Structure formats: structure tokens, C-alpha cells
Amino acid sequence: AVGAAAMEEAAALNGSAGAGAGAGSGAPAAAARPPATPEGMALAYGSLVLMALLPIFFGALRSVSCAKSKNSSEMPETITSRDAARFPIVASCTLLGLYLFFKIFSQEYINLLLSMYFFVLGILALSHTISPMMNRFFPANFPNKQYQLLFTQGSGDSKEEIVNYEFDSKDLVCLALSSVVGVWYLLRKHWIANNLFGLAFSLNGVELLHLNNVSTGCILLGGLFIYDVFWVFGTNVMVTVAKSFEAPIKLVFPQDLLEKGLEADNFAMLGLGDIVIPDPSSQRSAPFPSSLKKNTHTYFYTSFVAYIFGLGLTIFIMHIFKHAQPALLYLVPACIGFPLLVALAKGEVTELFSYESSAEILPHTPRLTHFPTVSGSPASLADSMQQKLSCPRRRRQQSPSAM
């Protein structure tokens, strides 16, 4: 799963390069087309910004709500600082591998294989995205049966679960609807079907990508900042893969929609990596104010505004210079700098960087920081652990500062 995510991300981060090509930045395919009208460009870029904000906002909300409702065994894996540091290296190797594949093998067969791969992933991602919304439309007397897909390895005491997936009849209906979109995309490669899959990938990425502190997010964004700038400005690898890669790893919107309608073909593009990767600062800071006993979401809204500013600046620079731009060149400084400036103004820099989101995911679950050494029966061990958990609570109640 990590390798697949890295492959998708390495290709998806070329979205701003694709945007330049789609907008007529000097690419051979775009040179033959008539220039887009100001109205068409405004509609295309405005739609891209709106489509980028939707999965960020709703994905962050779903991430926080799911984290508070699930138990610790069902929580998504947290990206560590080591994972964040290795991610740009893995993404670079994968991007270079895709570039060599397109140079050595036939582009047609590679894209056919990738289309089938993202066809399956897209159906599952879209089904997971629309399932909560579709549940409201089912009648109360709908015959909703429960199913379980279980795949194990071994036998007896050594039996190990490989896949344990529970679903119901409503999930099957959502899967069927998503399959219709998948067949539409596979046969027509229509830009609307592409965007439905792209939005589903983005929302799931925002929901599942979990960073537990600010330092990890800064490491990840800093490494991908260098990655994006190098592969766009330093080589032609990113642009080449962007033009060759046919998969729903970018959001597109036609600049000639007003002239050609739904059959328009002069696209502006935004990679999914430019949506999912800068977002962890917004997702991570959503519950942050509650750790400071405040009723506001200052850092969430600050990061959200920072993303809008960075993406708008990317589009503006690309439009002025008519050249592909690495969006992370502008998004990373904005998404890190804006919350940091707010923290400096509020005197909360130390609290911001020492905040751990995992401490608020399960506030009702006790956590042991020191494990006692106890000999004797299991009952005495349980009594000792209970005393360790209850003693700090009594000390806080007796403290004058707490009162």
C-alpha cells in the first residue's frame, strides 16, 4: 500500500506542471489550439480552486470525526518523522522509474495497465466517499443485510487474519453506482468521470493521512518542496510523465467549456498531490485549539486561508510567465508560514510544536507512562496499575493552581 501510494503521489505531484501544459504554456499539443478566452480561463481556474477546497475541508472534518468515534485498534497509521523524511526519496525513485518505463516501453500498454489499476482503486475510493451521503437516501424499510469478507492464513492458534472487511447491502449499492462511473471513465476517459475519481482520491487521502505533530508535517512539506522544485525546474522528467500518464491522479477543467460544452478538450490541471500533501497542516491543526482550552479553530482556518493564497499565487505566476510551476513552491511556505506567524503573534509557538494530536483522539482512554514492576497474582498487578492511574488525578485536584 505504501508503494502504491508513493507511485500515485510521485505522479500526482506533477499536476502543476500539467496545468502549465494544459493552459498553453508552450507545449506542442497546446500550441495548435486557439488561446483560451479570459472568461474560459477564469472559469477553469476558479473551478479547480473550488474542487481543491472541497476534499480538503470535508476530508479534514471526516478525519477528526472518525478519529473521535473509533477505538485505538481502528485508528489509521500515523506517519512518523522517519516516514516523512523518506517519502520524497521514495517518490523521486518512483517518478524516475515511471519516466524510464515510458521511454523504454510502449506508452499505450503502460497506460492500459495503469487504467485498470486506477479503475479498481477509483471504484473503491468513490464508494467509500459517497457511502455516508447515500445512507440518507435509503428508505427505512430497506433490506440491509450484513456481510463479512474474511481471509486468513494458517490454522489453529497460528491463524492470522489477512483481510477482515465488513459491509452491508447499502455498501453494495454504492459500489454498483461507483462501478458505473468506473466503466464510463474506462471507455470514454471523460473529464467529469476523471474528476469524480480525483475528488474521491483526494478526500480519502486527506481523511487517512494522519500526522500527529507539527514537526513531522514540516519535515514532509520541506522534503517535498525540494522534490517538486527539482523535478520541475531541474529536469524534464516531471513534465514528461505528466503528459504521458493517463490516470485520474489530477483534477482537470476545460478552458473552452463555454465554446465546446462538455466535449471541450483544452484543459487546465491540478495534481492531487498539490491537494493532499499541503493539507496535513490544516487537518492536524483542526483539534489543536481544544488542547489549549479554547473554543476557536484559529489554526485550522489560518491553514485553510494559507492554502487558498498559495494555490492562487501558483495560478497567477503560471499565467504571467506561461510556464509550468511546481505548486508546492508556493503552497509549502504559505501553509507553514501563516500558522507560524499566528503562533508568534499569540505567543504559542512552543505549544504548537509540542502539540500531539494523538493525545486528543481518545480522551477517555487511560494511558500509562510508567509501568509498575509487580510480583504476585494478576489481581495485585491490576490493583497496582489502577493506583498509578488514580494517583495523578488526586494530586491535580489538591493542587491550588488547578483550583
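What counts as what
- Residues numbered from 1 in each chain as written.
- Predicted model: local features only at pLDDT ≥ 70, side-chain atom pairs only at ≥ 80, totals over all residues.
- Heavy atoms only, no water.
- Salt bridge = Lys/Arg side-chain N within 4 Å of Asp/Glu carboxyl O.
- Helix = DSSP H or I, 4+ residues; strand = E, 2+ residues; numbered from the N terminus.
- Buried < 20%, exposed > 50% of the residue type's maximum accessible area, 1.4 Å probe, protein only.
- Axes fitted to C-alpha atoms, helices over the stretch in contact; angles between N-to-C directions.
- Parallel < 35°, antiparallel > 145°, perpendicular 65-115°, else oblique.
- Left-handed = near helix turned anticlockwise from the far one by under 90°.
- Contact = heavy atoms within 4.5 Å.
- Nonpolar A, V, L, I, M, F, W, Y, C, P; charged D, E, K, R; others polar.
- Phe/Tyr/Trp six-rings, centres within 6.5 Å; stacked < 30°, edge-to-face > 60°.
- Lys NZ or Arg CZ within 6 Å of the ring centre and 35° of its normal.

Caption draft 1: Main features of the pattern of salt bridges. Across all of its chains, the model carries 4 salt bridges by this definition. Of the charged contacts, one joins Arg86 and Asp83 as a salt bridge, the two residues approaching to 3.0 Å between their closest N and O atoms. Residue Arg86 and its partner Asp83 are located together in helix H5 (residues 81-104), separated by 3 residues, close to a single helical turn. A relative accessible area of 31% places Asp83 in the partly exposed class. Via salt bridges that share partners, Asp256, Lys260 and Asp265 belong to a single interconnected network.

Caption draft 2: Spotlight on unusual backbone geometry. A positive phi is found at Lys189, a non-glycine position, where the angle reads about 55°. Mapped onto the secondary structure, Lys189 falls in the loop between helix H7 (169-188) and helix H8 (191-208). In this structure Lys189 comes out as partly exposed when scored by relative accessible area, which is 34%.

Caption draft 3: Spotlight on the packing of helix H6 (residues 107-134) against H7. H7 packs onto H6 with a crossing angle of 140° between their chain directions and a minimal axis gap of 8 Å. Classified by the interaxial angle, the pair formed by H6 and H7 is oblique. For the element pair H6 and H7, the recorded crossing hand is right-handed. Residues Ser115, Met116, Phe119, Ile123, Leu124, Leu126, Ser127, Ile130, Ser131 and Met134 of H6 pack against Asp171, Cys174, Leu175, Leu177, Ser178, Ser179, Val181, Gly182, Val183 and Leu186 of H7. Within the contact of H6 with H7, the residues separate by chemical class into 13 nonpolar, 6 polar and 1 charged.

Caption draft 4: Main features of the packing of H6 against H8. Packing of H6 against H8 leaves a shortest axis separation of 8 Å and a crossing angle of 65°. As far as their axial angle goes, H8 and H6 are roughly perpendicular. Considering only the axes of H6 and H8, their crossing is left-handed. Seen from H6, the contacting residues are Phe118, Leu121, Gly122, Ile123, Ala125, Leu126, His128 and Thr129; seen from H8, they are Leu196, Phe197, Ala200, Phe201, Leu203, Asn204 and Glu207. Partitioned by chemical class, the residues of the contact of H6 with H8 number 10 nonpolar, 4 polar and 1 charged.

Caption draft 5: Looking closely at the side chain of Thr216. Relative to the assigned elements, Thr216 resides in helix H9 (residues 214-234). Owing to a relative accessible area of 1%, Thr216 belongs among the buried residues under this scheme. Once residues within four sequence positions are removed from consideration, Thr216 is found in contact with Ile79, Thr80, Ser81, Ala84 and Leu211.

Caption draft 6: Representation of the packing of aromatic side chains. Considering all chains together, one arrives at 12 aromatic pairs under this definition. Ring centres 4.8 Å apart and planes at 55° place the aromatic pair Phe138 and Phe142 in the tilted group. With a centroid separation of 5.6 Å and an interplanar angle of 25°, the aromatic rings of Tyr165 and Phe167 are classed as stacked. Looking at Phe167, the relative accessible area reads 18%, which means it is buried. Following the ring pairs from residue to residue traces out a cluster consisting of Phe57, Phe58 and Phe304. For Lys189, the ring lying beneath its charged end belongs to Tyr185, and the centroid distance is 5.3 Å.

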